[in-house]
Amino acid sequence: MWIMLAIRHVPKTFARYKNSRCNIIFTIIDHSCPCRFSVTLVDDIVCFLEEFAPESPFLGNYSAVFEEALCTLSKREKLNFGGFIVPPVEDCLRCGSILSAPNPPSSCTLYTITGPKQCAKLVLRCKDCKVSYGRSMIAEGKGNASYYFEAIAAADDLIEVTNVVYMEKRLYRWLPSLIYLVSHKSRNWTYGYEDKIIKIYIAMNLVELDDDNDEEPVHDTSGKLQITMTLLRLIK
């Protein structure tokens, strides 16, 4: 189970830099799994699973424990394990050559609907065309950069805010709602403003209600309500 989680967490593209993907997966397994495996054995298992069982299911209820393990590793190792950001292409868009990663991964921050994550990102490069491929842009020398084709950009689930800050598109789409709530927050709101926000979210179909209780939401599947409450408390 841990191996499947690690495989899906670390993109294949990270193998372009000195086969670091295998070492990253091994580090996660070595920290999380009570059994001890060698790097070679982990690499063999990963290759076997990806070839013969690429869609094999795993127990998703261990995600919280997995996230805790990643946080611990990020503090212990010289690499952010919270997430791995890679370009949306693996081959050069000009000549079709396989892209390589001449430089080690760098640090960046990814803002998600559940909060920020410290991640590692990788930039690929075509040795023949001398073109660098980032997450959102293609660089051809100093000061000459362009975005990917519309089809590639539309399929991406992240937005590049700066070269070290990224944001999930679903969080980006939700921000206007948050800005509206904050900008229309009355200055004389004191105790009880949470109920007003809950009713707004109910009207927007962002939370579900218990049939026996029309006032309290059962759960907020996106985490939007919790984030809004936290931010409003900070600016109160």
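Above this note sits the structure.
Residues numbered from 1 in each chain as written. Predicted model: local features only at pLDDT ≥ 70, side-chain atom pairs only at ≥ 80, totals over all residues. Heavy atoms only, no water.

Caption draft 1: Local environment of the sheet that holds strand S4 (residues 124-126). Strands sit in the order S4-S5-S6-S7 across an open sheet of four strands; the sheet is antiparallel. Edge positions in the sheet fall to S4 and strand S7 (145-147), since each has one partner strand and no second. In this sheet, adjacent strand axes meet at a mean angle of 25° when their direction is disregarded. Looking at chain direction, strand S5 (residues 131-133) and strand S6 (residues 137-139) are connected through two bridges and run antiparallel. Residue pairing for S6: Ser-132 is matched across the bridge by Ala-139. (Pairing = 2+ DSSP bridges. Helix = DSSP H or I, 4+ residues; strand = E, 2+ residues; numbered from the N terminus. Axes fitted to C-alpha atoms, helices over the stretch in contact; angles between N-to-C directions.)

Caption draft 2: Layout of the packing of aromatic side chains. Counting across every chain of the model gives three aromatic pairs. Pairing Tyr-133 with Tyr-148 gives two aromatic rings, centres 6.4 Å apart and planes at 25°, and the pair type is stacked. Highlighted residues: Tyr-133 in strand S5 and Tyr-148 in the loop between S7 and helix H5 (150-155), separated in sequence by 15 residues. According to the relative accessible area criterion, Tyr-133 is buried, its value standing at 1%. (Phe/Tyr/Trp six-rings, centres within 6.5 Å; stacked < 30°, edge-to-face > 60°. Buried < 20%, exposed > 50% of the residue type's maximum accessible area, 1.4 Å probe, protein only.)

Caption draft 3: Expanded view of the packing of helix H1 (residues 2-9) against helix H4 (residues 63-76). Look at H1 against H4: their axes get within 11 Å of each other, and the N-to-C directions meet at 65°. Handedness of the crossing formed by H1 with H4: right-handed. Here Trp-2, Leu-5, Ala-6 and His-9 of H1 come into contact with H4, specifically with Val-65, Phe-66 and Leu-70. Looking at the contact of H1 with H4 residue by residue, the class counts come to six nonpolar, one polar and no charged. (Left-handed = near helix turned anticlockwise from the far one by under 90°. Contact = heavy atoms within 4.5 Å. Nonpolar A, V, L, I, M, F, W, Y, C, P; charged D, E, K, R; others polar.)

Caption draft 4: How the structure looks around helix H2 (residues 20-32). With 13 residues, H2 should cover 18 Å at 1.5 Å per step; its first-to-last C-alpha distance of 18 Å lies within 8% of that length. A large share of H2 lies buried, amounting to ten of its 13 residues. (Expected span 1.5 Å × (residues − 1).)

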